[in-house]
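Single-letter residue listing:
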Amino acid sequence: ILTLLRSIPEEKLFQYSWLTLYAGLLRIDFTPQKTLPFFNSARQQFIDSGDETGELITLSQTIYFHFVISGQYNVGSAFLSRTETLLEKLKSTLPTPIIIMAARNLASGYCFFNGNMEKARHYINMASTLATRNDIRNFIASTRFIRGYIELLSGNRSKYLTEAEICFSLFNNPLVGE
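Everything numeric in this text was worked out from a predicted model, so none of it was measured. (Residues numbered from 1 in each chain as written. Predicted model: local features only at pLDDT ≥ 70, side-chain atom pairs only at ≥ 80, totals over all residues. Heavy atoms only, no water.)

> Just to check I follow, could you spell out the overall build of the chain for this structure?
Per the secondary structure count, the chain includes eleven helices and zero strands. Traced from its N-terminal end to its C-terminal end, the chain shows the element sequence α-α-α-α-α-α-α-α-α-α-α. Computed over the C-alpha atoms, the radius of gyration of the chain is 16 Å, within 12% of the 16 Å expected from 2.2 N^0.38 for a compact globule of 178 residues. Seen through its C-alpha atoms, the chain measures out along the principal axes to roughly 50 × 35 × 30 Å. For the chain, the proportion of its 178 residues judged to be buried stands at 46%. Look at the contacts in the chain between residues 6 or more apart in sequence, and 59% of them connect residues 24 or more apart. Of the roughly 9,300 Å² of accessible surface on the chain, a fraction of 55% belongs to carbon and sulfur atoms. (Helix = DSSP H or I, 4+ residues; strand = E, 2+ residues; numbered from the N terminus. Rg over C-alpha atoms; globule rule 2.2 N^0.38 Å. Buried < 20%, exposed > 50% of the residue type's maximum accessible area, 1.4 Å probe, protein only. Contact = heavy atoms within 4.5 Å. Areas by Shrake-Rupley, 256 points an atom, 1.4 Å probe, with all protein chains shown as cover.)

> Whenever I open this one, helix α8 (residues 96–112) confuses me. Can you help?
In an α-helix, one full turn covers 3.6 residues, which means residues spaced three or four apart are oriented alike. Here α8 contains 17 residues, and its C-alpha end-to-end distance of 24 Å stays within 8% of the 24 Å for a straight helix at 1.5 Å per residue. Within α8, 15 of the 17 residues are buried, leaving the element largely enclosed by the surrounding structure. (Expected span 1.5 Å × (residues − 1).)

> It is not clear to me how the pattern of salt bridges should be interpreted in this structure. Could you clarify?
Side-chain pairing between opposite charges can occur once the charged atoms of the two side chains come close. One pass over the structure, following the stated rule, counts eight salt bridges. For E88, the salt bridge goes to K91, with nearest N and O atoms at 2.8 Å. A relative accessible area of 32% places E88 in the partly exposed class. What emerges from the salt-bridge pattern is a single network uniting R43, E52, E55, R82 and K89. (Salt bridge = Lys/Arg side-chain N within 4 Å of Asp/Glu carboxyl O.)

> Which parts of the structure should I look at to understand the environment of K89?
Structurally, K89 is set in helix α7 (residues 80–90). A residue is classified by how much of its surface remains accessible, and K89, at 52% relative accessible area, is exposed. C-alpha separation for the pair K89 and E52, spaced 37 residues apart in sequence, amounts to 9.4 Å.

> Honestly, the packing of helix α5 (residues 52–70) against α7 in this entry has me stumped. Any pointers?
Packed helix pairs are characterised by how far apart their axes lie and by the angle those axes make with each other. Orientation of α5 relative to α7, taken along the N-to-C sense of each, is 135 degrees, at an axis distance of 9 Å. In terms of orientation, α5 lies oblique with respect to α7. Where α5 crosses over α7, the two elements pack in a sense that is left-handed. Contacts from E52, T53, E55, L56, L59, S60 and I63 in α5 reach L80, R82, T83, L86, L87, K89 and L90 in α7. Counted by class, the contact of α5 with α7 contains seven nonpolar, three polar and four charged residues. (Axes fitted to C-alpha atoms, helices over the stretch in contact; angles between N-to-C directions. Parallel < 35°, antiparallel > 145°, perpendicular 65-115°, else oblique. Left-handed = near helix turned anticlockwise from the far one by under 90°. Nonpolar A, V, L, I, M, F, W, Y, C, P; charged D, E, K, R; others polar.)

> When you look at a nonpolar patch on the surface in this model, what are you seeing that I'm missing?
Taken together, the side chains of I1, Y16, L19, Y22, L25 and L26 present a nonpolar region at the surface, about 560 Å² in accessible area. Following the sequence through the fold, I1 ends up in the segment before α1 (2–6). For I1, a relative accessible area of 76% puts it in the exposed group. (Patch = residues over 30% accessible without salt bridge, like charges linked within 9 Å, V, L, I, M, F, W, Y side chains within 5 Å.)

> Please explain the packing of aromatic side chains as it appears in this structure.
The relation between two aromatic rings is expressed through the spacing of the ring centres and the mutual angle of the planes. Going through the model one piece at a time under the given rule, you end up with ten aromatic pairs. On the basis of an interplanar angle of 65 degrees and a centroid distance of 4.8 Å, the ring pair of W18 and F46 is categorised as edge-to-face. Residue W18 is located in helix α3 (residues 17–27), and its partner F46 is located in helix α4 (residues 36–49); the two are separated by 28 residues in the primary sequence. Judged by relative accessible area, F46 falls into the buried class, the value being 0%. The interplanar angle of 75 degrees and the centroid separation of 5.2 Å between the aromatic rings of F145 and Y149 together place this pair among those described as edge-to-face. Residue F145 and its partner Y149 are both found in helix α10 (residues 137–153); the two are separated by four residues, about one turn of the helix. What makes F145 partly exposed here is its relative accessible area of 39%. (Phe/Tyr/Trp six-rings, centres within 6.5 Å; stacked < 30°, edge-to-face > 60°.)

None of the figures reported here should be taken as evidence of function without further support.
Here it is as structure tokens:
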């Protein structure tokens, strides 16, 4: 799919919100540093068309981008409030993996961008509960990983070590990707 999307000139691709989002998502594993323009373009189109689900997904990915790729935590912090508002508004209608992804990324943002551990715990609990309830192994592993960091940065070394042990065992599971 990425090869097909790469064959479309960006100026044309950027006219279609969902294709732009997919093109950005597919580039994460190959050229992560080049994904932000895709998310920004898609987000603006979703805002213009009133597509709040699309906006939520692009906001979540933008938070992830600033958490994992750019390290610009002050920039990423600006997206937390709107992402939280949209997730709370839409969560009853969203597919479970989208809720988990958005909640996990909010937890990461609240933990790392501004140290709001109360909100970080709220969202990691939401994500972790849904991942476990639905037995989605990649999300179980990633939520436990983020929970471990929340505990470590909160000074709860024993809880961090527990999460690290659980995480390590999950990473040996063939249903868990990198």
